[in-house]
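# Examination of the molecular architecture
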Amino acid sequence: QVTVVESGGGLVQAGGSLRLTCAASGSISDINAMEWSRQAPGKEREWVAHVFHDGRTNYLDSVRGRFTVDRDNARFTASLQMNSLKPEDTAVYYCHANLRIHGSPHYTDFWGQGTQVTVSS
């Protein structure tokens, strides 16, 4: 059994910062990519950032330069440091891990339940 859990959401004023953490646990062999996405009320979910096992990262244009994603391969965790937050960053943020379970040759996607980020103006 594998679980992915996000934490660190909350309410912050515009211009403030939050750090989200994603922790994958269970019978995990290795994790390929860890990814953050978000869904604002009334909108479709959008990809925000990802980080590969080798540390390569990529970002949604609207967050590049404000958000930083990193990971700890040994602990199966990833984080999303969000600075200079804007009201339009308000959303539920989800973590997604593409990982292999011990004994399986295939990578499988697992998602967390999400954490709410609210940025007030």
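Conventions we followed
Residues numbered from 1 in each chain as written. Predicted model: local features only at pLDDT ≥ 70, side-chain atom pairs only at ≥ 80, totals over all residues. Heavy atoms only, no water. Pairing = 2+ DSSP bridges. Helix = DSSP H or I, 4+ residues; strand = E, 2+ residues; numbered from the N terminus. Axes fitted to C-alpha atoms, helices over the stretch in contact; angles between N-to-C directions. Core = buried A, V, L, I, M, F, W, Y, C linked by side-chain atoms within 4.5 Å. Buried < 20%, exposed > 50% of the residue type's maximum accessible area, 1.4 Å probe, protein only. Contact = heavy atoms within 4.5 Å. Disulfide = S-S within 2.5 Å. Phe/Tyr/Trp six-rings, centres within 6.5 Å; stacked < 30°, edge-to-face > 60°. Lys NZ or Arg CZ within 6 Å of the ring centre and 35° of its normal.

### Comments concerning the sheet that holds strand E1 (residues 2-7)
Spatially, E1-E3-E8-E7 is the arrangement adopted by the four strands of the open sheet, whose pairing is antiparallel. On the outer flanks of this sheet lie E1 and strand E7 (67-72), each paired with one strand and no other. With strand direction ignored, the average angle separating the axes of adjacent strands in the sheet is 15°. Note that E7 and strand E8 (residues 77-82) share six bridges and pair antiparallel.

### Some details on the nonpolar core
Met34, Trp36, Val48, Phe67, Leu80, Met82 and Tyr93 are the most contacted members of the largest nonpolar core, which has 31 residues in total. At the level of elements, E1, strand E3 (18-26), strand E4 (28-39), strand E5 (46-52), E7, E8, strand E9 (91-101) and strand E11 (115-120) are the ones that each hand at least two residues to this core. With five residues, the top contributor of residues to this core is E9. Here methionine 82 is in contact with Gly16, Ser17, Leu18, Leu20, Arg66, Phe67, Tyr93 and Val117, once residues within four sequence places are set aside.

### Examining the state of the cysteines
Defined simply, a disulfide is a covalent bond joining two cysteines at their sulfur atoms. This structure, assessed with the given rule, holds one disulfide. A sulfur-sulfur distance of 2.0 Å marks the disulfide that ties cysteine 22 to cysteine 95. Sign of the S-S torsion, about -75° for the bond between cysteine 22 and cysteine 95, identifies this disulfide as left-handed. Remark: cysteine 95 occurs in strand E9 and cysteine 22 occurs in strand E3; sequence separation between them is 73 residues. Residue class for cysteine 22 comes out buried when judged on its relative accessible area of 0%.

### Regarding the packing of aromatic side chains
We describe a pair of aromatic rings using the distance from one ring centre to the other and the angle between the two ring planes. One pass over the full model with this rule turns up zero aromatic pairs. A cation over a ring is seen here: arginine 56 above phenylalanine 52, with NZ or CZ 4.4 Å from the ring centre.

### What to know about the pairing of E7
On E7, burial follows the alternation: Phe67, Val69 and Arg71 on one face are buried, whereas Thr68, Asp70 and Asp72 on the facing-out side are not. Between E7 and the antiparallel strand that follows it, E8, lie four residues; phenylalanine 76 among them carries a positive phi value of about 60°.

### Observations concerning unusual backbone geometry
Within the chain, phenylalanine 76 stands out as a residue other than glycine whose phi angle is a positive 60°. Residue placement: phenylalanine 76 occurs in the loop between E7 and E8. Look at serine 84: it is not a glycine, yet its phi comes out positive at around 50°. By the element assignment, serine 84 lies in the loop between E8 and E9.

### Some thoughts on the environment of valine 63
For valine 63, the position within the fold is in the loop between strand E6 (57-59) and E7. Residues valine 63 and valine 48, 15 residues apart in the sequence, show an inter-C-alpha distance of 7.4 Å.

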